[in-house]
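Reading the structure
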Amino acid sequence: MTKSIETTSLFSQYGQADPYPLYRRLRETGPVHWDEWMRTWIVLGHREITELSKDPRLSGARIESFYEQLPDSARTGLAPLKDALAPMMLFNEPPRHTRLRQLLRPGLTPRFIKEIRSVIAARVEELLDEAAARGRMDVVADFSEPLTRDVITQLAGVPERGAHLLESWQGLLHEFFTQSRREVPRITALRGLFDEGAQARRDGTGTDLFTKMVSGRLERDEYTEDEIFANFLLLIDAGQATTTHLIGNAVLALAEHPDQQTLLREQPSLAANAAHEFMRYDSSVQFTSRVALEEIEIAGHRIERDQSVALVLGAGNRDPLRYESPDRLDVTRKAHDHLSFGHGIHYCLGASLALAEIEIAVSRFLDRFSSFTLLDPAPVWLESINFRFLKRLPVSLEAR
Ligand code: HEM
């Protein structure tokens, strides 16, 4: 099981240009493996990931346990980050998870998504106007990042003077698990702004979107300020860089598949379907993790209590048992059951919003420019095995 870790461990491949051949090689020998390098189970099959995502014997509550096993010296500086992360719904299980999800879910309605589509479309057009004037852009820095940041700023109700706090947001989870404290001052500053709005949120006089989302639920005093803040932060954390980089990955995929680009240009009505296929083909989030509360048998293996399990969503998305020719981008494919938004009770709360942003950004980009050319000889990826984030994607543009 431990033989040749360098070539078989998923976790020895930081910043790799293409993780998919490794997923394929591992999957060919089975959908579930023990990874000695990281001492975690890794699950690569679509069916097994789907099954385990619904299994209450696996828990997403992994913040406190990780923190508890750190030496005292590491804990001190990391405490503010732990306190901000632990009450996020993502790291809780029922009944607390159900209660926390109820805080935000009523705000992300189909009606809200319909309304915010025009906000997204207007911002997309502005950013593409600027790019057209320059004849080139970095798809990430000049387009998808400002787009998702502005949408989430509005959604979370971050006041104008705090908008800079959301710049270059890369994700708190990565920060926490790598024991980095870079973002602690930023969280403290956001908390200050957030606390200023506390009274208006509770008495329902606040006019920002987040206040409107949560106000009905606050009257009954069901939530502490720490819980509300953590889930406000989750909106920012889960909703921004993920979508930024999904749009980057989609544009890269279209550059690498000219036939699919032509098809999407000829049939723009495919854009909503294509958004799901971009999610399946190359997601910005490659896996999520859980801890076993009890012993679990899966695919002939026994996961012991307290062992960690990585559900490799990006591998399940390329499972040949689920998708025909999974390594081919096909914008006509019906792949709405891809795993990139997770599955089960933690299914992404912002999925409809993310899909709307991807669909509008990609379709307007193709409509405004008759062609585009990648300017980097090879894509440059963030050094992370979980987040598939392009550091930049410079392109030259041919306007219509
Ligand atoms: C949960 C991915 C966009 C808010 C999740 C999960 C995944 C995911 C995989 C489940 C994690 C798990 O089970 O451990 C993505 C991707 C996105 C995206 C790839 C973009 C392409 C968004 C947006 C928002 C958002 C735009 C909010 C505006 C959330 C929240 C949860 C979540 C609140 C936690 C749900 C829960 O624990 O019940 N997301 N997400 N996400 N996502 Fe997203």
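Under an unreviewed UniProt entry, the name given to the chain is Cytochrome P450, and the source organism is Lentzea fradiae.

On to the sheet that holds strand S5 (residues 288-292). For sheets, the rule is that strands pair by backbone hydrogen bonds, running either parallel or antiparallel. Pairing within the open sheet is mixed, and its five strands lie in the order S1-S2-S8-S5-S3. The sheet terminates laterally at strand S1 (32-35) and strand S3 (58-59), the two strands that pair on one side only. Of the strand pairs in this sheet, S3 and S5 are connected by two bridges, and their pairing is antiparallel. Residue pairing across strands places leucine 58 opposite alanine 292, the latter belonging to S5.

A word on the site of the ligand. Close to the ligand lie 31 residues; Arg101, Thr288, Arg290, His346 and Cys348 are nearest. For the ligand, an oxygen atom lies 2.7 Å from a polar atom in the side chain of histidine 97. Within the side chain of arginine 101, a nitrogen or oxygen atom sits 2.6 Å from an oxygen atom of the ligand. Contributing elements (two or more residues each) for the shell around the ligand: helix H6 (96-104), helix H8 (139-156), helix H13 (225-239), helix H14 (241-256), S5 and helix H18 (351-368).

What follows covers the packing of helix H12 (residues 209-218) against H13. Following both chains from N to C, one finds H12 and H13 inclined at 150°, their axes separated by 12 Å at the closest point. One finds that H12 runs roughly antiparallel with respect to H13. Between H12 and H13 lies a crossing whose hand is right-handed. Each of Phe210, Met213 and Leu218 in H12 lies in contact with H13, whose residues at this interface are Ile228, Phe232 and Leu235. Looking at the contact of H12 with H13 residue by residue, the class counts come to six nonpolar, no polar and no charged.

Each aromatic ring pair is characterised by the separation of its centres together with the angle its planes make. All told, the structure shown has 15 aromatic pairs when counted by the stated rule. An angle of 80° between the planes, with centres 5.5 Å apart, marks the rings of tyrosine 20 and tyrosine 23 as edge-to-face. Of the two residues, tyrosine 20 and tyrosine 23 both sit in helix H2 (residues 20-28), three residues apart, roughly one turn of that helix. Given the relative accessible area of 6%, tyrosine 20 is considered buried. With a relative accessible area of 3%, tyrosine 23 lands in the buried category. An angle of 45° between the planes, with centres 4.7 Å apart, marks the rings of phenylalanine 194 and phenylalanine 232 as tilted. With a gap of 38 residues between them, phenylalanine 194 in helix H10 (residues 184-196) and phenylalanine 232 in helix H13 connect regions that are remote in the sequence. There is no split in this pair, since phenylalanine 194 and phenylalanine 232 are both buried. Taken together, the aromatic side chains of Phe143, Phe365, Phe369 and Phe372 make up a single cluster linked through ring pairs. A cation sits over an aromatic face here: arginine 75 above tyrosine 67, 5.9 Å from the ring centre. Note that arginine 318 overlies the ring of tyrosine 20, its terminal NZ or CZ placed 3.6 Å from the centroid.

About the thresholds
- Residues numbered from 1 in each chain as written.
- Predicted model: local features only at pLDDT ≥ 70, side-chain atom pairs only at ≥ 80, totals over all residues.
- Heavy atoms only, no water.
- Pairing = 2+ DSSP bridges.
- Helix = DSSP H or I, 4+ residues; strand = E, 2+ residues; numbered from the N terminus.
- Near = heavy atom within 4 Å.
- Polar contact = N/O pair within 3.5 Å; in protein donor to acceptor, adjacent residues only side chain to side chain.
- Axes fitted to C-alpha atoms, helices over the stretch in contact; angles between N-to-C directions.
- Parallel < 35°, antiparallel > 145°, perpendicular 65-115°, else oblique.
- Left-handed = near helix turned anticlockwise from the far one by under 90°.
- Contact = heavy atoms within 4.5 Å.
- Nonpolar A, V, L, I, M, F, W, Y, C, P; charged D, E, K, R; others polar.
- Phe/Tyr/Trp six-rings, centres within 6.5 Å; stacked < 30°, edge-to-face > 60°.
- Buried < 20%, exposed > 50% of the residue type's maximum accessible area, 1.4 Å probe, protein only.
- Lys NZ or Arg CZ within 6 Å of the ring centre and 35° of its normal.

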